[in-house]
Amino acid sequence: MNFENLLIEVGTEELPPKSLRKLAESFLSNFTDELKKAELSYESAVWHAAPRRLALSITQLATAQADKVVEKRGPAVAQAFDSDGNPTKAAMGWARGNGITVEEAGRLKTDKGEWLLHQAKVVGVETKSLISDMTQNALDKLPIPKPMRWGSSKTQFIRPVHTITMLLGSEVIDGEILGIKSGRVIRGHRFMGQASFELDHADNYLTALEEQGKVLVDYQARKAIIKADAEAAAAKIGGVADLEDELLEEVTSLVEWPVVLTANFEEKFLDVPAEALVYTMKGDQKYFPVFDKAGQLLPNFIFVTNIISKDPQVIISGNEKVVRPRLADAEFFFETDKKESLESRLSSLETVVFQKQLGTIKQRVERISLMAGFIATSIDANAEEASRAGLLSKSDLMTNMVMEFTDLQGTMGMHYARLNGETEAVAVALQEQYKPKFSGDTVPTAPISVCVALAEKLDTLVGIFGIGQAPKGAADPFALRRAAIGILRICVENNLPLNLVDLIAKAQELHGTSLTNDKAAEQVLEFFMGRFRAWYQDQGVSVDVILAVLARRPTAPADFDSRIKAVAHFRTLEQASALAAANKRVSNILAKVEGELPATIDTSLLVESAEKALAEKLNELQPKLAPLFAAANYQEALALLADLRESVDTFFEDVMVMADDEALKNNRLALLSSLREQFLHAADISLLQ
């Protein structure tokens, strides 16, 4: 079999930078799926991407499918011939369809009978005849939410397409993709190198584009150059560049030939909170801010241009002129906002509706304030500060800075609170109220921040459920799933003595008559239980461990977490499997019992040595277990209960539970009930697999 390297390039107008990697990865994944379906072998496959192209390189691709033998089973021999031994119509029709006579058919013998069989040799198709359709199929499956048309064509793609290049080695693959006929033409950089050139061989794609077209099409190499050059440029001025990966990816997707330059802005702008300046540089201009070793913003920024200039200073000056008005706007907003305190803005919150049924943002912050104070008393935090922070939590929404730069809500509240003379705990709480903002984000740990963050999320969660707008399917417009996970994480990671039932009830009370859903509290609690499962599964906790704890429905997040960790540890013990099976057996036995069992075990009715031993062991452990369960030390408690394995095994081997004597039977059932009750203090381990 012969092998050759394949290149496919789709040349386009500028592709969306935030989608470039996703498009390229999807193109590769879709195309390799097509190769697998076609049973075409290859050694490796990589994607390339630049602002005006998506490309694939497949190395050592088989130039044809392998020949294969396909077995086609016909009718059973018993139905293939009549009583005289002549072929039936069914047999002759099958044979004709396979291009043979019945006499030429083979036989397939199995335990279930004998059938006619034809072994057809299928000659492999040449790869080059398949590539065009495979490419079209791969492009059709790209994640393009809003395809566009161009010119008079009805063809649709994410951006207008200008060239299609499909080369198998040096041979052009014939075909038409997205209305463009395949050829050798590759377009170079818009302003450097050759505007277009012909590619002679698939192997020369990267080199030819770099040397002739002045395009670095290797995405990872381009990204590495930008990162390394930006780090070096920052070090040169004694700083560290903020190379957040999301921005680094976007910049990489914006340039074909990266050139890293350093620029400055006036030091007076450093009087504005750094977050506002950084937001402007990164969000609006795609610049990399620079910080000193102490983490203070420097009056410099690093940017990436797409061209080699004879006079880089011209480009630097141009970018400095562009960013200056944006920074001046931030400065103006900040100076204007300082003239009015956060507290004085409370009245303006009455003009903004949070949700039609749940009232204005002013009513919302009043609820958050009361809720934060309630939580503070439960965790021994300063209730006055928590209430104050809750009251001011949304005032920065009415500032010029946040209206212009919405992502700075909370952050600007912190800065303005400091300027207003609020305590540091209150100021920090205004910033941290939204945490965790995303998966992997840290949770607030300062007591006042914890109170406000919990109150803010609970108000939304209970309120939205209370008006009957719970999330349905994937839709979650109020981000209630994120809010619920945030509440659980804050409680667990800070080991807070809070119960969800109490928190939900208080939030419901604070909403008053605005809630119309009578089952809101029950539904919110069930929603939390669902988030528990999803959260622990994401952490790699096995489902049976989660279900064992969920069966007991603990409603204090920190307590739930302690049980999860304890059961996960118990599951690793040698005795766990036997005790889980025994608990399952006990559960099944007790489920069939009608009427009430004795409240206590009558030792005079313990006649078998095995039941005496189990009762004695259980009686010995109970005084040790009680304080452990009271302290939520489930791991140590389950470790002690693991010592019961031998006694439990012997009991089931030697004792007939369902004795004919009613008193003996009920006493033994009471013993088993007492045994199971001890385990149920932590979880239902009968659910462990």
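Residues numbered from 1 in each chain as written. Predicted model: local features only at pLDDT ≥ 70, side-chain atom pairs only at ≥ 80, totals over all residues. Heavy atoms only, no water.

K.L.:
Could you give an account of the overall build of the protein chain, with specific residues and numbers?
P.N.:
A count of helical and extended segments in the protein chain gives 25 helices and 18 strands. In terms of overall dimensions, the protein chain is more spread out than a globule: its C-alpha atoms have a radius of gyration of 36 Å, far above the 26 Å expected for 689 residues. Dimensions of the protein chain, computed from C-alpha atoms along their principal axes, come out at roughly 110 × 100 × 50 Å. Counting across all 689 residues of the protein chain, residues that qualify as buried make up 49%. Long-range pairs, those at least 24 residues apart, make up 68% of the contacts in the protein chain with a sequence separation of at least 6. Surface summary for the protein chain: the accessible area is close to 32600 Å², and the carbon and sulfur share equals 49%. Taking the average location of the 75 positive side-chain charges in the protein chain and that of its 96 negative ones, the two points are 5 Å from each other. (Helix = DSSP H or I, 4+ residues; strand = E, 2+ residues; numbered from the N terminus. Rg over C-alpha atoms; globule rule 2.2 N^0.38 Å. Buried < 20%, exposed > 50% of the residue type's maximum accessible area, 1.4 Å probe, protein only. Contact = heavy atoms within 4.5 Å. Areas by Shrake-Rupley, 256 points an atom, 1.4 Å probe, with all protein chains shown as cover. Lys, Arg positive; Asp, Glu negative; His and termini not counted. Charge placed at Lys NZ, Arg CZ, Asp CG, Glu CD.)

K.L.:
Describe the layout of surface pockets, naming the residues involved and giving the relevant values.
P.N.:
Considered as a void within the structure, the largest pocket measures approximately 1300 Å³ in volume. Lining the largest pocket are 36 residues, and of these Thr406, Asp407, Gln409, Tyr434 and Lys437 sit closest to its centre. Among the elements of the structure, α7 (245-252), α8 (274-284), α10 (361-378), α15 (447-466) and α16 (480-493) are those that each provide at least two residues to the lining of the largest pocket. Considering each element in turn, the lining of the largest pocket owes the most residues, 6 residues, to α8. Across the lining of the largest pocket, the residue classes tally to 13 nonpolar, 6 polar and 17 charged. (1 Å grid on protein atoms, 1.4 Å probe; cavity = no way out; pocket = protein on both sides within 12 Å on 5 of 7 lines; lining within 4 Å. Points joined across faces, edges and corners; volume = space filled by probe spheres on them. Nonpolar A, V, L, I, M, F, W, Y, C, P; charged D, E, K, R; others polar.)

K.L.:
Can you tell me about the environment of Pro75, naming the residues and giving the values?
P.N.:
Residue position: Pro75 is located in strand β4 (residues 68-76). Residue classification places Pro75 among the buried positions, given a relative accessible area of 18%. Spatially, the C-alpha atoms of Pro75 and Gln212 are 64 Å apart, while their sequence positions differ by 137 residues. Setting aside anything within four residues of it in sequence, one finds Pro75 in contact with Ala90, Ala91, Trp94, Trp115 and Leu116.

K.L.:
I'd like to hear about the packing of aromatic side chains, residue by residue, with values.
P.N.:
Aromatic ring pairs: the centre-centre distance and the angle between the two ring planes describe each pair. Inspection of every chain in the model, using the stated rule, returns 16 aromatic pairs. Look at Phe651 and Phe652: their rings are 5.5 Å apart centre to centre, the planes differ by 85°, and that puts the pair in the edge-to-face class. We classify Phe651 as buried; its relative accessible area is 0%. The ring of Phe354 carries the charged tip of Arg364 above its face, separated from the ring centre by 4.4 Å. (Phe/Tyr/Trp six-rings, centres within 6.5 Å; stacked < 30°, edge-to-face > 60°. Lys NZ or Arg CZ within 6 Å of the ring centre and 35° of its normal.)

K.L.:
Before we move on, could you go through the pairing of strand β15 (residues 288-291) and cite the residues and values that matter?
P.N.:
Alternating positions in β15 separate into two faces, Phe288 and Val290 on one and Pro289 and Phe291 on the other, with burial throughout. Of the pairings in the sheet, the one linking strand β13 (residues 240-241) to β15 comprises 2 bridges and is antiparallel in character. The residue bridging Val240 from the neighbouring strand is Phe291, located in β15. In the sheet, β15 pairs with strand β16 (residues 297-305) via 3 bridges, with the strands oriented antiparallel. Bridge assignment links Phe291 to a residue of β16, and that residue is Leu297. Between the antiparallel neighbours β15 and β16 lie 5 residues, among them Gly295 with a positive phi of about 90°. (Pairing = 2+ DSSP bridges.)

K.L.:
Explain the state of the cysteines to me, using residue names and the numbers behind them.
P.N.:
In this structure the tally under the stated criterion is 0 disulfides. Just so you know, Cys451 is unpaired, no disulfide at all, and the nearest cysteine sulfur is the one on Cys491, 10 Å from it. Assessed through its relative accessible area of 0%, Cys451 is described here as buried. (Disulfide = S-S within 2.5 Å.)

K.L.:
Outline helix α20 (residues 557-570), listing residues and values.
P.N.:
Taking 1.5 Å of rise per residue, 14 residues should cover 20 Å, and α20 covers 20 Å from first to last C-alpha, within 8% of that figure. In terms of burial, α20 is a largely internal element, 10 of the 14 residues being buried. For α20, the full list of buried residues reads Pro557, Ala558, Asp559, Phe560, Asp561, Arg563, Ile564, Ala566, Val567 and Phe570. (Expected span 1.5 Å × (residues − 1).)

K.L.:
Summarise helix α25 (residues 662-680); cite the residues concerned and give the values.
P.N.:
In a regular helix each residue adds 1.5 Å, so 19 residues correspond to 27 Å; α25 covers 26 Å between its end C-alpha atoms and thus fits that length. Extensive coverage of α25 is indicated by the burial of 14 of its 19 residues. You can read the cap of α25 off the contacts: a side-chain oxygen lies 2.9 Å from the backbone nitrogen of Ala663, and it is on Asp661. (Polar contact = N/O pair within 3.5 Å; in protein donor to acceptor, adjacent residues only side chain to side chain.)

K.L.:
Mind laying out the sheet that holds β15, listing which residues take part and the relevant values?
P.N.:
Read from one edge to the other, the open sheet built from 4 strands follows the order β13-β15-β16-β14, with strand pairing classed as antiparallel. With partners counted over all chains shown, the strands left at the sheet margins are β13 and β14 (259-264), one partner each. The strands that helix α6 (residues 219-236) touches are β13, β14, β15 and β16; relative to β14, the one it contacts most, it runs at about 30°. (Axes fitted to C-alpha atoms, helices over the stretch in contact; angles between N-to-C directions.)

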